[in-house]
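# Coordinate inspection notes
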Amino acid sequence: MTSLIMLPAILVDMVGSFIIIVLSFLSLRYAWLLIRKQPENFLWGFLFYFCLTLVCFSVSRAVGHLLKQLLLIADNTEQWHVLAPYSGGFNTLLMISLAAVSIYYHKGIEGFRAIQQKAKSLKEANEQLEVSADKLLKMNANLEEMVEQRTKKLSASEKKFRNFFINSKDMVYFCDSVNRLVNMNTAGLEMLGYTMEDERNLTLQNIFCNEDDLEKYFETLIAVGFVEDLEVEFVRADGSVIYVLLSATAVYDEERNFIGCEGIAKDLTRVRTMMEQLASSEKMASVGQMAAGVAHEINTPLGVILGYSQLMMDDFSPDSEEGQSLQVIERQAKACRKIVADLLKFSRQSESARENIQINEVLEDVLAVTEHSLNMDHIHAHRDFSDNLPAIVGDTEKLRQVFVNFINNAHHAMEEDGGGDIYLSSRYEEESNRVVATVRDTGHGIPEDVVTKIFDPFFTTKSVGKGTGLGLSVSYGIVQEHGGTIEVESPVKGRGGEKIRGTAFHVKLPVTLRESPSVNEDLNLEQF
Amino acid sequence: MNFLKTTHRMSPFLLLMTLTVFPENAWAVQSHGAPEGLYVHQLAHIFYTAAMCYLIWGIRQSAFKSQGWRYLQICCVFMILWNIVAFTGHSLAAFVDSVHFTREGGYLTTRLQGPLTNVKLWFYFTKLDHLFSVPALYFLYLAMKGIYRSSCEEEKE
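Because the structure is a prediction, the values reported are computed rather than measured.

Before going further, it helps to spend a moment on the interface of chain B and chain A. Each partner contributes residues to the interface: chain B has 50 residues there, and chain A has 56 residues. Taken together, the two surfaces of chain B and chain A that pack against each other cover about 4800 Å², and 75% of this comes from carbon and sulfur. Across the contact surface, chain B and chain A share one salt bridge. At the surface where chain B touches chain A, the tally comes to 11 residue pairs in polar contact (both at pLDDT 80 or more). Going through the elements one at a time, helix 2 (35–62), helix 3 (67–95), strand 2 (111–113), helix 4 (118–126) and helix 5 (130–156) of chain B are the ones with two or more residues in the side of chain B that touches chain A. If one sorts the elements of the side of chain B that touches chain A by residue count, helix 2 of chain B sits on top with 15 residues. Of the residues in the side of chain B that touches chain A, the class split is 32 nonpolar, 12 polar and six charged. Across three bridges, strand 1 (residues 3–5) of chain A lies against strand 2 of chain B in antiparallel orientation. Residue pairing across strands places Leu 4 of chain A opposite Leu 112 of chain B, the latter belonging to strand 2 of chain B.

Listed below in structure tokens is the structure:
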């Protein structure tokens, strides 16, 4: 072979140039689609510019080659020689550009990777943040629910304990470490007679009656941590004393330091009074039984002495020494019999009538008998009777005796002062359905130390021979027999709470009507 | 002292003024001979080849493993080969005097005159450089298509 035909090379050049133009545009199309889909993606941007530069280069080169071939085929060699440097120059320029774009890739990709890394870590952080936020949201919702529930429970509990504190009928108090009352419920303040404003300045020292009790209270509280059922006396605002049953607990802070105490006190004054009255009643009952027994035993020999002395009086002249002695025996025997009769009345061993009585009538009857005598000693009687009082059932005579005894005692108490006033009143006590009759005087009153003994048989403050000490005992027995009670006030408490000199006896009798107006019956069947 | 300081500060301006006054001594614009264009073109091929190598290395470093990026690397390889062939072709055309053509019946009947030495055969071979540039562009097309499709799939996922 001496030569090689260049036609295949020319054809390859022309066909190849054409194919290159087509392929470069197809590539650019995909690069364009990529960049349009994700304009912010650096890689697609790079590929687009890479393809664009390649298209420019390919077109420049292929068109140049095609032009060259066509011009040479058409035998326009001179024209090609004019165009060739431009084609070559463009090709060189575009090759350099393509190379520059390719080199730019590496630096760009570094930046892209850094951004991608950052974006990834940001995405992860964001996801974690979202998870955390979600958890936080759930926790928050849960917490809110819990707080709401707890608040409700706390509110209910607080309400419960506040109601207990406010509505308690017993005293509930809180003290600080220096015995100052921090808080006390209304019942406690009422019990002590203080107001809400007084509460701020109150201390335990103010309300404890005895310092020894307070000392004992604190010693026990500090030593044991609580005080249980301590019976102490409290002083009220007006100076009166009440008996309370006290229980308290020490309060400590987180470091176990004593910071105060909380306590409950129950007013036992009424219970104590009732207990005393009960004890008194029992004493009276036993004394009554004894008196009844003694009276029963004495009454028979007394009757014999009286009978024989009267028989013997028939045998002796009244002026004779024997006759006078017998008169003394008879008189003393009769006195003894009266005492025995009184004892039997006290012990309710005597007959009683049962009839409907208007207490105002009884009081009027008694005053009718005694008023003259009272006036003689400058004692003025005052009446304050309620109208339309319900009738009570009882023995008129015995009740008269009761009020006569009270008036006599009042008379006696005011006699030394040279006069005074006696007040007789009656009223209906609706809540207990009782009629209350009161006899009040302005005398010297009953000393505090003997007031509990006045109903004891044979107890008297009168001089010897002036009283047997059976008057109030008998009255007590009669009123008891009628189902009533006697209350004594000395000194007397006025309507405004002030103390008035004198003594008041309140006879409280139950209202029970009988169908038959006047029927005598024996309350005690035992006769003697 | 002040005079010296002022002179020192003014020296660049004085030099510029001196050169402006005597322009025949300044050769600011250089003339370029005919081979310079070829040298620039050949240097562009070298630069292009280096850029393709760098791109392959960059892609491999970036750890893009999809089919599209692999095609792009093949494209780069073909581009490198094409650059070598083109560079060789330009060199042979410029520096080999022994390559002669005969044209008896027009351009299409052009023949490479013998005796056919290795240089002439290489020259002939370099004229078929599209055998490398067309596959290069074909793989670029495949690469772009592949990258686009995998991007669409990723988006779907």
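Read on, since the account is not over.
Let's shift gears to a negative patch on the surface. Residues and elements named next belong to chain A. A cluster of acidic side chains, namely Glu 211, Asp 212, Glu 215 and Glu 219, defines a negative patch on the protein surface. Within the secondary structure layout, Asp 212 lies in helix 6 (residues 211–224). According to the relative accessible area criterion, Asp 212 is exposed, its value standing at 60%.

All names here are of chain A. Read across the sheet, five strands follow the order 3-2-6-5-4 without closing on themselves; strand pairing throughout is antiparallel. One side of each edge strand has no neighbouring strand; the edge strands of this open sheet are strand 3 (181–184) and strand 4 (226–235). Ignoring which end each strand starts from, the neighbouring axes of this sheet average 25° apart. As paired elements, strand 2 (residues 171–176) and strand 3 share three bridges and run antiparallel to each other. Note on strand 3: the bridge partner recorded for Phe 174 is Asn 183. Of the strands in this sheet, strand 2, strand 4, strand 5 (241–252) and strand 6 (258–267) are in contact with helix 6, which crosses strand 4 at around 165°.

Right, let's get into the environment of Glu 190 of chain A. Residues and elements named next belong to chain A. Checked against the element boundaries, Glu 190 lands in helix 4 (residues 186–192). Taking relative accessible area as the criterion, Glu 190 reaches 58% and is therefore assigned exposed. It is 9.8 Å that separates the C-alpha atoms of Glu 190 and Lys 169, two residues lying 21 residues apart in sequence.

Bringing the nonpolar core into the picture now. Ranked by size, the top nonpolar core spans 55 residues in total, and within it Leu 47, Phe 50, Leu 54 and Tyr 105 of chain A together with Tyr 48, Trp 69 and Leu 140 of chain B carry the most contacts. Of all the secondary-structure elements, those providing two or more residues to this core are helix 1 (7–37), helix 2 (42–73) and helix 3 (77–167) of chain A together with helix 2, helix 3 and helix 5 of chain B. If one sorts the elements of this core by residue count, helix 5 of chain B sits on top with 13 residues. Leu 54 of chain A has contacts with Leu 98 of chain A together with Tyr 48, Met 79, Leu 137 and Leu 140 of chain B, leaving out every residue within four places of it along the chain. Leu 363, Leu 367, Leu 424 and Leu 470 of chain A belong to the second-largest nonpolar core, a separate cluster that totals 46 residues.

Take the confidence of the model for chain B next. Across chain B, the average pLDDT comes to 84, with 90% of residues at 70 or higher. Confidence estimates for the predicted assembly give a pTM of 0.44 and an ipTM of 0.81.

Structurally, the α-helix is built with 3.6 residues per turn, so residues lying three or four positions apart point the same way. Residue and element names in this part refer to chain A. An ideal rise of 1.5 Å per residue puts 26 Å on 18 residues; helix 9 (residues 359–376) measures up with 26 Å between its terminal C-alpha atoms. Approximately 45° is the largest bend angle found in helix 9, and it occurs at Thr 370. Residues Ile 359, Asn 360, Val 362, Leu 363, Val 366, Leu 367, Thr 370 and Leu 374 constitute the buried set of helix 9. Looking at the residues trailing helix 9, positive phi occurs at His 378, about 60°.

Here the focus is the sheet that holds strand 1 of chain A. Reading across from one edge, 1(A)-2(B)-1(B) is the order of the three strands in this open sheet, with antiparallel pairing throughout. The open sheet has two free edges, formed respectively by strand 1 of chain A together with strand 1 (101–102) of chain B, since each of these has just one partner strand. Relative to strand 2 of chain B, helix 4 of chain B is tilted by about 160°, and along the sheet it contacts strand 1 of chain A together with strand 1 and strand 2 of chain B.

What follows deals with unusual backbone geometry. Residue and element names in this part refer to chain A. Here the amide bond leading from Ser 490 into Pro 491 is cis, since omega sits at 0°, within 30 degrees of zero. Along the polypeptide, Pro 491 turns up in the loop between strand 12 (485–489) and strand 13 (492–493). Even without being glycine, Asp 75 reaches a positive phi, approximately 60°. Phi is positive for Asn 433, which is not a glycine, with a value near 55°. Tracing the chain through its elements places Asn 433 in the loop between strand 10 (420–429) and strand 11 (434–441). The class for Asn 433 is partly exposed, based on a relative accessible area of 33%.

Before going further, it helps to spend a moment on a nonpolar patch on the surface. All names here are of chain A. A cluster of nonpolar residues, Leu 67, Val 82, Leu 83, Tyr 86, Phe 90 and Leu 93, forms a patch on the protein surface that exposes about 610 Å² of accessible area. The biggest single contributor to the nonpolar patch is helix 3, with five residues. Within the secondary structure layout, Leu 67 lies in helix 2. Accessibility expressed as a relative area gives 35% for Leu 67, which makes it partly exposed.

Turning to the pairing of strand 6 of chain A, a few remarks are in order. Remember that side chains alternate between the two faces of the sheet whenever the strand is regular. Residue and element names in this part refer to chain A. In terms of strand pairing, strand 2 meets strand 6 through six bridges, oriented antiparallel. Following the sheet pairing, Cys 175 is matched in strand 6 by Cys 261. Alignment of strand 5 against strand 6, held across nine bridges, turns out to be antiparallel. In the strand pairing of strand 6, Ser 247 is matched with Ile 264. Hairpin connection between strand 5 and strand 6: a loop of five residues separates the two successive antiparallel strands, and Arg 256 in this loop has a positive phi of roughly 60°.

All names here are of chain A. Per the stated rule, a full pass over the model turns up 17 salt bridges over all chains. The closest approach of N and O atoms between Glu 429 and Arg 434, which form a salt bridge, is 3.6 Å. Arg 434 matches Glu 429 in its accessibility class, with the two residues each being buried. As a salt-bridge pair, Glu 429 and Lys 508 come within 3.5 Å of each other at their nearest N and O atoms. In this pair, Glu 429 sits in strand 10 while Lys 508 sits in strand 15 (residues 503–510), placing the two residues 79 residues apart along the sequence. The pair formed by Glu 429 and Lys 508 is uniform in burial state, with each residue classed as buried. The structure contains a network of salt bridges with shared partners spanning Arg 427, Glu 429, Arg 434, Glu 487 and Lys 508.

All names here are of chain B. Put simply, helix 2 and helix 3 touch, their axes get as near as 9 Å, and they point 160° apart. What the angle tells us is that helix 2 and helix 3 run roughly antiparallel. The hand of the helix 2/helix 3 crossing is left-handed. For the contact of helix 2 with helix 3, the residue count by class is 20 nonpolar, eight polar and one charged.

Here is what the cut-offs are and how they apply
Residues numbered from 1 in each chain as written. Chains lettered and ligands numbered in written order. Predicted model: local features only at pLDDT ≥ 70, side-chain atom pairs only at ≥ 80, totals over all residues. Heavy atoms only, no water. Contact = heavy atoms within 4.5 Å. Buried area = accessible area lost by both parts, 1.4 Å probe. Salt bridge = Lys/Arg side-chain N within 4 Å of Asp/Glu carboxyl O. Polar contact = N/O pair within 3.5 Å; in protein donor to acceptor, adjacent residues only side chain to side chain. Helix = DSSP H or I, 4+ residues; strand = E, 2+ residues; numbered from the N terminus. Nonpolar A, V, L, I, M, F, W, Y, C, P; charged D, E, K, R; others polar. Pairing = 2+ DSSP bridges. Patch = residues over 30% accessible without salt bridge, like charges linked within 9 Å, V, L, I, M, F, W, Y side chains within 5 Å. Areas by Shrake-Rupley, 256 points an atom, 1.4 Å probe, with all protein chains shown as cover. Lys, Arg positive; Asp, Glu negative; His and termini not counted. Charge placed at Lys NZ, Arg CZ, Asp CG, Glu CD. Buried < 20%, exposed > 50% of the residue type's maximum accessible area, 1.4 Å probe, protein only. Axes fitted to C-alpha atoms, helices over the stretch in contact; angles between N-to-C directions. Core = buried A, V, L, I, M, F, W, Y, C linked by side-chain atoms within 4.5 Å. pLDDT = per-residue confidence, 0-100. Expected span 1.5 Å × (residues − 1). Bend = angle between axes of the 7 residues up to and from the residue. Parallel < 35°, antiparallel > 145°, perpendicular 65-115°, else oblique. Left-handed = near helix turned anticlockwise from the far one by under 90°.

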